Structures are given as C-alpha cells and as structure tokens.
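# Observations on chain architecture
Here are the chains, one letter per residue:
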Amino acid sequence: MQKNSNLRTIGFATILGLVCSILLTFANIQTKPLRLANEKAEELTNYLFVLDVPVSPGAKADDLLKIFDKSIRVKEAGGIKFYEYYPENSSDDKPVAVAVAFNGPGLWDKIGGVIALEPDLKTIKGISFYKQAETPGLGGEIASDWFQSQFIGKSIISPSGTPGFKILKPEAATDSNSVDGISGATMTSSRVEVILEKLAGTISNARSAYEQ
Amino acid sequence: MSNNLAAGQKIKIRDIFADGVYRFNPITVQVLGICSALAVTNRVDNAVVMGGALIFVTAFSSLLVSILRKSIPLRIRMIVEVAIIATFVILFDQFLKAYAWNMSKQLGPYVGLIITNCIVMGRAEAFATQNTPLTSMFDGIANGIGYSIVLILVALVREIIGSGTLNIFGTQILTLLDIGYTKNLLFVLAPGAFFTAGFIIWGVNAITNTKEDANE
Amino acid sequence: MKLLRLFFDKIEPLFDEGKALSLFHPVYSMFDNMMFSSNEKTPNAPFGRDPIDIKRYMFIVVIALTPAFLGSLYFYGLRILWMLIVSYAVGAVVEIAFAIIRKEEVNEGFLVTGFIFPLILPPGIPLWMVAVGMAFGVLVGKEVFGGTGRNIFNPALVGRIFLALGYPSAMSGSWVSPGSGSLGNLLKNFQLAAPDVLSSATPLVQAKNGIFMPLKDLFFGNILGSAGETSALLIILGGLIVLFAGIANWRTILSIILSFAGFNLLLNILSPGTANPVLFNMLSGGFLFGTFFMATDPVSSPITISAKWVYGIFIGLIALLIRTFSGFVEGMMFAILLGNIFSPLFDEVVIRVRMKHYAKKL
C-alpha cells in the first residue's frame, strides 16, 4: 500500500483517533470523581467561609464535603435557599447561622456572593463577594478583608424598621445598616448597594415563611 | 522557523539545548507563545506549573510525532500533529483538575490553550518531522525550558513589583509591603507582563547585538 | 563668562575618546550647551524653521508653565517643589544614563517633561511614586523609541497613566484641599511625607454624584485637583504664552476645544442629564492643561495641518466620551494618548489624499 493512498490515510486517521480517544476517556473516567468533588467543594467553601465553620487550612475537597454534609442543612422557604449551620457537637436544634447566596450586576461584570446572618435573619455574621470583576484596586476592594469585615454585626434592617442596606461615603457610615464605601469606587459601591438593598428586601419577605 | 540545525545531520545534545534555551529561545528570539506568557505570569507558582505543562507537552508530542514521522500520511500531517498535541494537553489539564484544583483555577483556560501554542506545533512541524525520536524529545524539552525560564523571569518581576511579595509554593520569601510599598496593579494584570517581557527581549537583543558587533 | 568658557575649553579634552572621563562626555556637553548655546543643527524632528532651537523652545514652555507652577505652590504648599526636584532628578538620571549608553548628547526634552510631570499629579502622592512614574515615563514613553524627537507618546502622560493604572487608590485618593487667603498654603506642607488630610472628592467625582462646584471656584482654582491643573486662569495665562510664541499650534488647541464643547452641547441637547454642563466640563479636571500643554507636544502630535484638525476633534470627542460614559471620571489623558497613537495615521491619510489630488492635476 502506498504511503499517501486514500485508504491508508483514512486508516491512519481512524487508528490515531481511536487511540487518542481511548486514552482520554480512560483518563477522564479515572479523574472524574476527584474533579467533581473539587468543583463542588469550591462552591461550598464559600458557604463554610461566611458561616465561620471551622475548617483546617489544608483541607482536601473530600474533607470539605464531609464537613458540609455534617454541619449544614439546606432549607427552602419563600423561594430562597437557606443554608443553616448546626455545629457538630451542639445538641441545640437551632442553627447558629444562616447563609443566603446573592448576585447582581456590578460595574464591569456580575457580582456574586454569600451572606451569613444570625438565625433571626437580621444581623449580619459575615459576607463574601467571591465572584467579581470590578476595577482591581478600586471596586475590586469589595473582595478585600477590610471591606467585608465591616459588615459583621451590622443589620439588614434600618433603625426605623424597614429592610435595606446602605453603602455610604468613605468614613460616613454610622447607622446599624450601613458600611463605608470604597474611596474612588463610587460606581461599584452604588451597585453593591443596589444588590444588598434588594437582598435585604427578599430576605425580609421570606422571613415569615422561613420561621414556620 | 529559524533553525541552524540541518535535517538528518548528527546533532549534539548540547547544541539542541543551547538553541532552545538561548540562541533561538522561543520567546525572546522567535517571539512565540506570548499569549500565555502575558496571561499566567502574575505569580511565580503559575509560571512554574505552566512551564512544566509546556515542557511535558512539547517533549512527548515531539517524541510521538518523530516516532510516527515516517508513517504519517503527508496530507493529514498537521491534523495528526494537532491531535497528538491536544491529547497530551487534555491529559495534563485533567491531571491538574484532579490533583491541583487551585492551580488549575489560577491558570484558567491557558492550560487548554497550550494546544494552540505556536511553540509546540512549531517544534513538532519544524524539528520532530525530520529528526530521530530521542533528539526530538530533547529538542522539545530544550524549548520548553527556554520558554519556562522567560516565564519565570517575567513572573518574578511581576510578583515582586505587582504584589510586593514573593511566595513560592506557600513559602514567603520576600515582602515589601512592610516597608510601605503599595501593590502595583498594572503589574498584577497582563500589561505588566507586556512591559516586562518587552524589557527582557530588549535586554537579550541588546546583549546579542553587542556580541555580534564585537565578533564582526 | 569668558572665564567659564576658558574653563570648559580647558576641561574638554578630558572627555575625549580614550581619556579617563570619556564615558561622561554627554554630561560635559550638556553643561557646555546649557551655559553657552550649541552651534550644532538638529538632525531629527522637531525641526524649527527660524532661529529658535529645541532648547529655547523648551525654555518657553517652561516659562509658560510657571504661572501654573507658582499657583500650585500657593494652593498646595512647598511639597510641590519637592515633587519637582524628584521629578527632575530622576528624569536627568535616566536621560544621562541613556546618553552614556548610546554615546549620544543629552537632550533637553526632560526639562519640559520633568516640569510638567509633578503638575499633573495629585499633590499628596508619595514622592517615591513621583520617581517611579517619571522613570517609567521617560524610559517607556521615550527612550524605548530612541529618545527625544522619536517618541510616539508624551512621556509625562505615559508616566501618569502608569501611576494611575498601577496605584489607582493612591492616585485617586491623594488630593489635598487648596489653601486660600493671602498666603494660601505657601508656607505649609513642606514636609516630604504626604499631608495628613487627603481626599478623593474632586469636582469630577462630585459631579458623578450630582454635585457641581461653582464655576468661579473652578476658574480660580479653589478646588481639589492635580497640582497644576486646578486654576483655569493660570493655565490659560500660560497657554496664551505658548500660543503666541508659536510653540503650541493654534489649530490643535482650537479643534480640541470646539470638538469637546460641541459634542458636549450636542449630547446635552439630545439627552439632557447624561453629560456634565459644558462650561463645568471644560474648566474641571485636566482638560485645559491637557489641551494647551500636552496635546500640542510637537513630537507626538501630527505634522500636517489637516491632520492637526482631525487629531484635535478626535481627542475632544474621546475625552468627552470617556468622561461621560465610562467608569473613569477623567478621560483627558487617555484621549491624548489615543490621539498620539493615531497621529501618524492621520498624517499618512492626509498625505495620501493630497498625493491623489496632485496626481489628478497632473
């Protein structure tokens, strides 16, 4: 058979294709459970992080999934998924904290995050903006520790009792439902405010359904 | 691509490495593979893994192409080369996703994009199709090393200027943030690599030109 | 003067080829040229058609910038002087280093670049940033392209953009309240460190929030802003000097102003409320300073007359678009850099069109 005949070309391509695909399929099957666990753990880590669930720093995906399964219960109420945290050794049947995911438009791209609240669904225990593409160094500061830690202890209910949250000018926040904005990043700050304002509303609406 | 090694000739391994790493360095001389050099050099860790991935892929794809070089039908030569390269790239990508998830996330799509990296294809097409398997594999490794060295250099500059720190696989080696340095975001982002790589190429060319002038 | 000449003549042989100090010949000839005028002719652009040479030309720009500089001393204190010294020192070091490496003469270009640079920076930024910005500007904005006369971009602007993108929080939050009264801040702020009270609320930032400073303050300079950009009055004063000395081309200036104001007016009529008021926009930020001193840079702006008009219209439009529709509050520096990138193209098109025209006539 000639080296460049049609038959030989097709045969060569078929065999090569077969060998490559068998190799890749095999590799895919071998690594699939590990990859899926990694992906799942990635998503759940954000909940574990805001809920302040103790996690050892070098924890593997499997460990994270185990911790999540043990200590987090998902409850759906009023159209929202609530991730409730029950510490492992406590006999209390009330959750320590509840987490809710949120997202909305930022300045350049979608902002996504998770907020953790006390079981009363009013006081903030922690917040994480883990998915964002704001201007690095300005709006991108929403993902920084100093910005996120401001939220701890604040409330999503204004002193007058209406749900809402404000991002004010830098060093202007004094109310229980407001934090300092980022200097030089007014546009991002105002968009985050819109997202949180909306979130405060939805959570408040779902509160009665949740408490039942 | 430019190559002073004629096909079929007996080739010294030392020459192969000198060519791949310095004389015909894929980035500074041939200016190939710039896309990933700009994208993944924000941290030294990323550059090391990316360099490793490229060494792995060029080495084995060159080896395999060279083994098959006499039986590959001419008409589908390029397609066969791409298929072989793609197989190795996907293997590496899956390995990262399974065993080094965080690194895989850091590198994002750039591991997969090694398939389109001109260095790999260039070595397979220009060298492996005309040389013996072992020589081709060394050539692949040499070019991979040449690429990695530049990547790591760029990443060193970017991580120090950009983040003000130097962490290599979890160990902090240097931090400038304590002495009042501010992170330079231009260097955290891809433009920093553009300037750094530009300066490295400028420097290498200046040295090479001076040497050539001296030789004349 | 004669003695000095004698001294220079006497030490000159020391710098000759093969002598101990031959490496520093550029340094020698720089001082020689500064004290006495050069009798050499310039082989590269920018060319002058009259007795004016690069040096005198640069000198006039420095004089024209003086009102804005003195204003910045009055508004923000002696700190601006430190910034100027740092800027000059770094610029000179880079320039001289390259002159030595390339065995060329030191160019006077950095006299203007070094003077403009501190004036377009926030008055409260750390001095080391001034140094880094200046070094980057001269290196990447000029030396990479082969030195004065060959640069595509305005070096001072390259330095400023490097800082703005590299250290955005320092660059957008280091504004200092201007002093007022008979002495202003003239006797204050002479420490090297940044002043304690820094702010980020420049008039353009405030405008995004719907607060507009009175035009009177914008005109006289009672606002936050880059050191030399605050007072429109002082900039126009200096602008008139470069304009009437024939150094800045009036076509560039006029077309930028007309385009910026025209499109702004158009936008305000078509969709009221999207853009800031015309006069406010023109007096705030770096618009006037950029128009008079940066866009008109003879090296990085187009050469042909028609291209100058296109260049000006382009800059005015882009500056307005960035200010109005982007996440950045100020678009002038990006607009000028974009204009710099396109100016060879504008020239090219103009020349081709003209060639075709002549070809038809023949």
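One numbering rule holds for all chains: residues counted from 1, following each sequence as written. To label them, take the chains in the order written and letter them from A, then take the ligands in the order written and number them from 1. Per-residue local features of the predicted model are confined to residues with pLDDT of at least 70, and side-chain atom pairs are confined, for both listing and counting, to 80 or more; whole-chain, interface and lining totals are unaffected and use all residues. Only heavy atoms go into the side-chain values, all of them from the structure, while hydrogens and water stay out.

Once that is clear, we can look at the overall build of chain C. For the purposes of this entry, the term helix denotes a DSSP run of H or I that reaches at least four residues, the term strand denotes a run of E that reaches at least two, and both are numbered from the N terminus. The number of helices and strands found in chain C is 16 helices and 0 strands. Here chain C, with 362 residues, has 54% of them falling under the buried criterion. In what follows, a contact means two residues having at least one pair of non-hydrogen atoms within 4.5 Å. Sequence-distant contacts, at least 24 apart, represent 74% of the contacts inside chain C between residues at least 6 apart. Total accessible area on chain C stands at roughly 16800 Å², and carbon and sulfur atoms take up 71% of it. When accessible area is computed with a 1.4 Å probe and restricted to protein chains, residues below 20% of their type maximum are described as buried, those above 50% as exposed, and intermediate ones as partly exposed. Computed by Shrake-Rupley with a 1.4 Å probe, the accessible areas treat only the displayed protein chains as cover when residues are assessed.

Further remarks concern the confidence of the model for chain C. Confidence in the prediction of chain C, expressed as mean pLDDT, is 81, and 80% of residues score 70 or more. The ipTM value of the predicted complex is 0.79, and its pTM value is 0.77. The predictor rates its confidence in each residue with pLDDT, a number between 0 and 100.

Residues and elements named next belong to chain C. Between the N-to-C directions of two axes lies an angle of 0 to 180 degrees, each axis being a line fitted to C-alpha atoms and, for a helix, fitted only over the stretch in contact. Running from N to C, helix α6 (residues 127-141) and helix α7 (residues 155-166) cross one another at 130°; their axes reach a closest spacing of 7 Å. Considered as vectors, α6 and α7 are oriented oblique to each other. Seen along the crossing, α6 lies across α7 with a hand that is right-handed. Counting all contacts with α6, which are made through M129, V132, G133, F136, G137, V140 and G141, the residues of α7 involved are P155, V158, G159, F162 and L163. Throughout this entry, Asp, Glu, Lys and Arg are counted as charged residues, while Ala, Val, Leu, Ile, Met, Phe, Trp, Tyr, Cys and Pro are counted as nonpolar. The remaining residues, Gly among them, count as polar. The class makeup of the residues in the contact of α6 with α7 is 8 nonpolar, 4 polar and no charged. Convention used here: angles under 35 degrees read as roughly parallel, angles over 145 as roughly antiparallel, angles from 65 to 115 as roughly perpendicular, and any remaining angle as oblique. Should the near helix be turned anticlockwise from the far one by less than a right angle, the crossing is termed left-handed; should it be turned clockwise, right-handed.

This brings us to the interface of chain B and chain C. Counting residues at the interface gives 11 residues for chain B, matched by 13 residues for chain C. Of the roughly 950 Å² buried between chain B and chain C, counting both surfaces, carbon and sulfur atoms make up 78%. Any Lys or Arg side-chain nitrogen located within 4 Å of an Asp or Glu carboxyl oxygen qualifies as a salt bridge. Joining chain B to chain C, the criterion identifies 0 salt bridges. Polar contact is defined as a pair of N or O atoms within 3.5 Å, subject to the rule that within protein one atom must be able to donate a hydrogen and the other to accept it, and that residues adjacent in sequence are counted only when both atoms are side-chain atoms. Along the contact surface separating chain B from chain C lie 3 residue pairs in polar contact (both at pLDDT 80 or more). Counting residues per element, the ones that place at least two in the side of chain B that touches chain C are α8 (185-188) and α9 (190-215) of chain B. Considering only residue class, the side of chain B that touches chain C consists of 7 nonpolar, 3 polar and 1 charged. A simple way to read buried area is as the amount of 1.4 Å-probe accessible surface that goes missing from two parts once joined, with both sides added.

With that out of the way, let us pick up the pattern of salt bridges. Residues and elements named next belong to chain B. Applying the stated criterion across every chain, the model contains 11 salt bridges over all chains. A salt bridge links R77 to E125; the nearest nitrogen and oxygen atoms lie 2.5 Å apart. Of this pair, R77 sits in helix α4 (residues 77-99) while E125 sits in helix α6 (residues 118-126); the two residues are 48 residues apart in sequence, bridging distant segments of the chain. By relative accessible area, which is 24% here, R77 ends up partly exposed.

Residues and elements named next belong to chain A. Here the rule is simple: two strands pair whenever DSSP picks up at least two bridges between them. Judged from the 5 bridges that link them, strand β4 (residues 110-117) and strand β5 (residues 124-131) form a sheet pairing that is antiparallel. Following the sheet pairing, A116 is matched in β5 by G126. Taken together, β4 and the strand that follows it, β5, pair antiparallel across an intervening segment of 6 residues, in which L121 is found at a positive phi of about 60°.

All names here are of chain A. Positive phi, normally seen in glycine, also occurs at D52, with a value near 65°. Mapped onto the elements of the fold, D52 is located in the loop between α1 (6-50) and α2 (61-71). A positive phi angle is found at L121, which is not glycine, with a value near 60°. With respect to the helices, strands and loops of the structure, L121 is situated in the loop between β4 and β5. Note on L121: relative accessible area 0%, which makes it buried.

I116, L163, F289, F293, M294 and I315 of chain C are the most contacted members of the largest nonpolar core, which totals 91 residues. No other element matches helix α3 (residues 54-76) of chain C, which puts 11 residues into this core. For I116 of chain C, the residues in contact, after removing those within four places along its chain, are L65, A156, F289, F293 and M294 of chain C. Grouped together as the second largest cluster of nonpolar side chains are 43 residues, F12 of chain A together with A47, M121 and L151 of chain B included. Only buried residues count toward a nonpolar core, which is a set of Ala, Val, Leu, Ile, Met, Phe, Trp, Tyr and Cys residues joined through side-chain atoms within 4.5 Å.

Residues and elements named next belong to chain C. Patch definition: residues above 30% relative accessible area lacking any salt bridge, with like charges linked at up to 9 Å and the nonpolar side chains Val, Leu, Ile, Met, Phe, Trp and Tyr linked at up to 5 Å. The grouping of L338, I341, F342, L345, V349 and V353 at the surface amounts to a nonpolar patch, some 490 Å² of accessible area in total. When you line up the elements, I341 lands in helix α16 (residues 332-361). Using a relative accessible area of 44% as the deciding quantity, one classes I341 as partly exposed.

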